[in-house]
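# Chain and residue survey
Okay, here's what each chain looks like letter by letter:
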Amino acid sequence: MAAHLSYGRVNLNVLREAVRRELREFLDKCAGSKAIVWDEYLTGPFGLIAQYSLLKEHEVEKMFTLKGSRLPAADVKNIIFVVRPRLELMDIIAENVLSEDRRGPARDFHILFVPRRSLLCEQRLKDLGVLGSFIHREEYSLDLIPFDGDLLSMESEGAFKECYLESDQTSLYHAAKGLMTLQALYGTIPQIFGKGECARQVANMMIRMKREFTGSQNSIFPVFDNLLLLDRNVDLLTPLATQLTYEGLIDEIYGIQNSYVKLPPEKFAPKKQGDGGKDLPTEAKKLQLNSAEELYAEIRDKNFNAVGSVLSKKAKVISAAFEERHNAKTVGEIKQFVSQLPHMQAARGSLANHTSIAELIKDVTTSEDFFDKLTVEQEFMSGIDTDKVNSYIEDCIAQKHPLIKVLRLVCLQSVCNSGLKQKVLDYYKREILQTYGYEHILTLYNLEKAGLLKPQTGGRNTYPTVRKTLRLWMDDVNEQNPTDISYVYSGYAPLSVRLAQLLSRPGWRSIEEVLRILPGPHFEERQPLPTGLQKKRQPGENRVTLIFFLGGVTFAEIAALRFLSQLEDGGTEYVIATTKLINGASWIESLMEKPF
């Protein structure tokens, strides 16, 4: 059991156990010793549901990363390829299988597609002459992976690009399948709300899938009251801004992958007397970040400016607890102190780690460039000078700052101005192409197609209306003891989360005008429940809303939703699902065309 998955209103261990069971059943079909050949991208997501110990119990003796040419030698009966359905991976698998056939004893080959089997991939294997070598060709429907007690992700890295640039609905189908799995485990969700084109399609797919499985009535008492489906392109602004929560900044600066972060090792080296800094570790320090760690659960969603005071209070509490040993006189008191020691030592280790991380982040956030960039972002978001060429962006291009940083700022300006005037847009494009290279013309085309960097049409900027009606900019933000979700960006309230907040209370009817300005339809569907399963809410009991971000979500938005869940009179607790956990840099990068 993963304890951090069961602390909330919804026990996500139920989902984790269901996917683990499916994996065990597949492994048991391949009798005898096994080696798994992994598609490298899948090792991170799989690590969240099945540790090596589980695989070992089912006779997995070796694990390799999928690479061209020969497989490494392994004295096993079965070789299982665990891969995403990608054609380029099929070519590598065929190369592995063909080179294997020519030497040594025959082995049994199997292939497990995650999350779906693909006819195109099987046809490619057939064309390469190896399809018949596979005894089991199956799919493992790992759609939604539990990351934390209130967080699920599909970790589908191309979802936004597929949906909005390539009109490929594969990831939407997987999202709908994932939601059907959730309903099979946690009961039918009575009400579905949505905003955006993709949200409408996912809701339609769910309704169609439900019709196709009419045979069996779902008799599980519903855990969720509402489902809110939100398109990422309804709110293109939020991911572009720099996140200012503790977890958001760790992700912005170092990148969190499958709840792990790799950090520079110098800050974590134990300080020894008279060492003179010799033998500093060179390998990155890898830490797991989730709410299983008490201190991290407490500080992850705070604005970074509020983290220092929490850490110093914690340090005092821990040192006071260790001082208690001097007061332990009797055998009973000493025994009690010793029994608390492991927990105290873990807390001290955790505090040391987070103090080091906070120092690393502070080095960045106190730099002049970080301050200048943040100032420009906040000016754009509060509606200042969004319609002319920005001198800071010009300077960044002239000094050849990282291209992703420049693109984020230009896109932010475009979104906050409902598109740029043609001459401003042309100027930026020309400067970017002349400085960074003409191969980036395709990237600029992608950003335009996604609605991030575009000319203003109709000559009217609608952002100020949206900003005022939804109160997206708050001047007086209390970062230490926040009263509003805008603390996660020190002034800007994420549009996506504001929509969720207003849906909960007083309802979307109050903002019809703004909903019409934002892209895509908004809708509501009811899923009838069998009699006896209708929920009678107790006085003071909160509703549970599952909010699904189609196209990605940031840690700052997650922090804002957790803030709403914890409000005394909020009335709603949120569980968050997404196609991918993103930040501005990873999101822009997914839309960039790699130069050939």
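From a predicted model like this one, the values you see are computed outputs, not experimental measurements.

Our next topic: a negative patch on the surface. On the surface, a cluster of negative charge is made up of E25, D28, E59, E61 and D75. Structurally, E61 is set in strand β2 (residues 60-65).

Let's shift gears to the domain arrangement of the chain. According to the domain assignment, the chain consists of domain 1 (1-141), domain 2 (150-236 + 508-586), domain 3 (244-258 + 288-365) and domain 4 (367-459). Between the C-alpha centres of domain 1 and domain 4 there is a distance of 43 Å.

As a general point, the strands of a sheet are linked pairwise by backbone hydrogen bonds and lie either parallel or antiparallel. In spatial order, the strands read β10-β11-β12; together these three strands make up an open sheet with antiparallel pairing. Two strands close off the open sheet at either side, each with one partner strand: β10 (256-257) and β12 (285-288). In this structure, strand β11 (residues 260-263) lies alongside β12, joined through four bridges in antiparallel fashion. Following the sheet pairing, L263 is matched in β12 by K285.

Attention now goes to helix α8 (residues 197-212). Between its first and last C-alpha atoms α8 spans 23 Å; for 16 residues at 1.5 Å apiece the expected length is 22 Å, and the two agree. Looking at the buried residues of α8, the elements they touch are α6 (159-164), α7 (170-186), β8 (191-195), β9 (226-231), β13 (522-526) and β14 (543-550).

The strand order β2-β1-β3-β4-β5 describes an open sheet built from five strands, whose pairing is parallel. This sheet does not close on itself; its edge strands, each paired only once, are β2 and β5 (134-139). Here the average twist between neighbouring strands, direction ignored, is 20 degrees. Across six bridges, the pairing between strand β3 (residues 78-83) and strand β4 (residues 108-113) is parallel. Bridging across to β4, V82 finds its partner in L112. Of the strands in this sheet, β1 (34-38), β2, β3, β4 and β5 are in contact with helix α1 (residues 13-29), which crosses β5 at around 170 degrees.

Turning our eyes to something else, we now look at the environment of D127. Structurally, D127 is set in helix α5 (residues 119-127). By relative accessible area, D127 is classed as exposed at 56%. Each C-alpha atom of the pair D127 and A94 lies 9.9 Å from the other, and the pair is 33 residues apart in sequence.

Moving on, we get to the packing of aromatic side chains. Under the defined criterion, the tally for this structure stands at 13 aromatic pairs. Every member of this aromatic cluster is reached through a ring pair, and the members are W38, F46 and Y140. When the ring centre of Y260 is taken as origin, the NZ or CZ atom of K286, which lies over that ring, is 4.8 Å away.

Of all the six residues making up β9, six are buried; the element is thus mostly covered by neighbouring parts of the structure. Two strands pair when backbone bridges link them, and β8 and β9 are joined in this way by five bridges, in the parallel orientation. Looking at β9, one finds that K195 is bridged to L230. In terms of strand pairing, β9 meets β14 through six bridges, oriented parallel. Note on β14: the bridge partner recorded for L229 is F548.

Attention now goes to the environment of V202. Considering the arrangement of structural elements, one finds V202 in helix α8. In the structure, V202 is positioned 26 residues away from A176 in sequence and 5.5 Å away in space, judged by C-alpha atoms. Every residue in contact with V202, bar those within four places of it in the chain, is listed here: L172, A175, A176, L179, L229 and L550.

Rules and cut-offs
Residues numbered from 1 in each chain as written. Predicted model: local features only at pLDDT ≥ 70, side-chain atom pairs only at ≥ 80, totals over all residues. Heavy atoms only, no water. Patch = residues over 30% accessible without salt bridge, like charges linked within 9 Å, V, L, I, M, F, W, Y side chains within 5 Å. Areas by Shrake-Rupley, 256 points an atom, 1.4 Å probe, with all protein chains shown as cover. Salt bridge = Lys/Arg side-chain N within 4 Å of Asp/Glu carboxyl O. Lys, Arg positive; Asp, Glu negative; His and termini not counted. Charge placed at Lys NZ, Arg CZ, Asp CG, Glu CD. Helix = DSSP H or I, 4+ residues; strand = E, 2+ residues; numbered from the N terminus. Domains from an automatic or database assignment. Pairing = 2+ DSSP bridges. Expected span 1.5 Å × (residues − 1). Contact = heavy atoms within 4.5 Å. Axes fitted to C-alpha atoms, helices over the stretch in contact; angles between N-to-C directions. Buried < 20%, exposed > 50% of the residue type's maximum accessible area, 1.4 Å probe, protein only. Phe/Tyr/Trp six-rings, centres within 6.5 Å; stacked < 30°, edge-to-face > 60°. Lys NZ or Arg CZ within 6 Å of the ring centre and 35° of its normal.

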